[in-house]
Amino acid sequence: FVCNERVLRILIESQFLQTILNENEPNMFIPFLVILLQRKETSVDVLMTVCAQIAMLSTEPSNRIELVRNGLVTHLSSFLRSVYEPLLVIVVKSLVNLTAENTQAKNEFMKGPGLRSAIPHLQTQNPELARGLCVLIKNIASTEDLRGAVRDEDAVPYLLKLIEPSKVIGIRVSDVVLVAATSALWNICVDNEARDIATAAGAVRLCIDLIKVNKSEEVRAKAIALLMVLMVKNDKNKIHVYEENMIKFLVDILATTKNKDLIRAIVGSFAVMATIDDLAEAMQKEAVMGYLDNLVKVYETARGGEELLAVLKTLIGLLTGK
């Protein structure tokens, strides 16, 4: 078909074409968008409009099945080879929506070169793109069978670069990127080999510095949760954290915060560390039991506090031997 590009974009953006093409069964608007994506002569401006429509459609769970069925994951993944960041932002936003709790979409993404094309873009200076890529990687790595593939594409070193302190005075990584990067690393580092790669690359040191320097409770919660994963089955990392005086630092946070995610991360980290007797004793010396007992009283009656209450009781059991 031939159509003036400006007119075509208006017809798409106004949802006129969507209304017309979806009047009868089967709906034809999504297949029409696929055709536009496949046409070699489709301009960047039209691609931007099409991808924006897909991003909007993909926010609705009811549309996601149809989008995935029409091969949109594969088509969108091909655009990750682009260097045009405005297009990349929209493409990644769509892929994030499509891969959220959707195993089929994740598998389709991993069949092609999508991840390999996406990871180098983590070097971007665009925080919206960096955050989106981190969330996409987190989505993929939330599936156990795919973590190894994510690890093998060198995702860990690229993500760790995002949480490094800036070498430029006055420049800092935005909190939204730090939260997304640490969350993605958490999902990947559940894998034993990925955890070893992260440890060798200095992830424990980076987490400690981030926790101490950044005052955002959300950032701290994610960084402490990542630190917890890095300590699992790794006594050397536990000792490293202890030697950095982190038990006292985390107890001081626990004494003042009401953020449930932050409390959960700290308590979980203490539970992992408490498997070493000397570290359990160090927690006792910091009077951690008083804070834990108070938290138990709070979350015994709090709605939705069952999971945190279970972790609290596990830690108390480790510390008291009961």
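Only a predicted model underlies this, so the values are computations on that prediction, with no experimental measurement involved. (Residues numbered from 1 in each chain as written. Predicted model: local features only at pLDDT ≥ 70, side-chain atom pairs only at ≥ 80, totals over all residues. Heavy atoms only, no water.)

Examining helix α10 (residues 127-141)
Here α10 is 15 residues long and its end C-alpha atoms lie 21 Å apart, about the 21 Å a rise of 1.5 Å per residue gives. For α10, a buried count of 11 out of 15 residues is recorded, marking the element as mostly surrounded by other parts of the structure. Among the structural elements, α7 (85-99), α8 (103-111), α9 (114-118), α11 (144-152), α12 (155-162) and α13 (175-189) are those in contact with the buried residues of α10. Among the residues of α10, the N-terminal cap falls to Asn126, whose side-chain oxygen and the backbone nitrogen of Glu128 are separated by 2.9 Å. (Helix = DSSP H or I, 4+ residues; strand = E, 2+ residues; numbered from the N terminus. Expected span 1.5 Å × (residues − 1). Buried < 20%, exposed > 50% of the residue type's maximum accessible area, 1.4 Å probe, protein only. Contact = heavy atoms within 4.5 Å. Polar contact = N/O pair within 3.5 Å; in protein donor to acceptor, adjacent residues only side chain to side chain.)

Comments concerning the packing of helix α3 (residues 29-38) against helix α4 (residues 44-57)
One can describe the packing of α3 onto α4 by two numbers: an axis separation of 10 Å at closest approach and a directional angle of 145 degrees. Classified by chirality, the crossing of α4 by α3 is left-handed. Contacts from Phe29, Ile30, Leu33, Leu36 and Leu37 in α3 reach Leu47, Val50, Cys51, Gln53, Ile54 and Leu57 in α4. Counted by class, the contact of α3 with α4 contains 10 nonpolar, 1 polar and no charged residues. (Axes fitted to C-alpha atoms, helices over the stretch in contact; angles between N-to-C directions. Left-handed = near helix turned anticlockwise from the far one by under 90°. Nonpolar A, V, L, I, M, F, W, Y, C, P; charged D, E, K, R; others polar.)

Examining the side chain of His121
Relative to the elements of secondary structure, His121 occurs in the loop between α9 and α10. With relative accessibility at 16%, the residue His121 sits in the buried group. One polar contact links the side chain of His121 to the main-chain carbonyl oxygen of Leu80, over a distance of 2.7 Å.

Observations concerning the nonpolar core
Counting residues in each nonpolar core, the largest one holds 121 residues, and the members touching the most others are Leu159, Phe270 and Leu292. With 11 residues, helix α16 (residues 217-231) is the largest single contributor of residues to this core. For Phe270, the residues in contact, after removing those within four places along its chain, are Ile247, Leu250, Val251, Leu254, Met283, Val288 and Leu315. (Core = buried A, V, L, I, M, F, W, Y, C linked by side-chain atoms within 4.5 Å.)

Description of unusual backbone geometry
Glycine aside, residues mostly have negative phi, and peptide bonds are mostly found in the trans state. Positive phi values are uncommon outside glycine, yet Glu101 reaches one of about 55 degrees. Topologically, Glu101 is positioned in the loop between α7 and α8. Not every positive phi belongs to a glycine, and Lys233 is a case in point at roughly 60 degrees.

Observations concerning the environment of Ser43
Checked against the element boundaries, Ser43 lands in the loop between α3 and α4. Expressed as a C-alpha distance, the spacing of Ser43 and Glu5, which sit 38 residues apart in the sequence, is 8.2 Å.

Re the pattern of salt bridges
Within this structure, the stated rule accounts for 14 salt bridges. Residues Asp235 and Lys238 are paired through a salt bridge, measuring 3.2 Å at the closest nitrogen-oxygen approach. With Asp235 and Lys238 both in helix α17 (residues 235-243), this residue pair falls 3 residues apart, about one helical turn. Judged by its relative accessible area of 44%, Asp235 is partly exposed. (Salt bridge = Lys/Arg side-chain N within 4 Å of Asp/Glu carboxyl O.)

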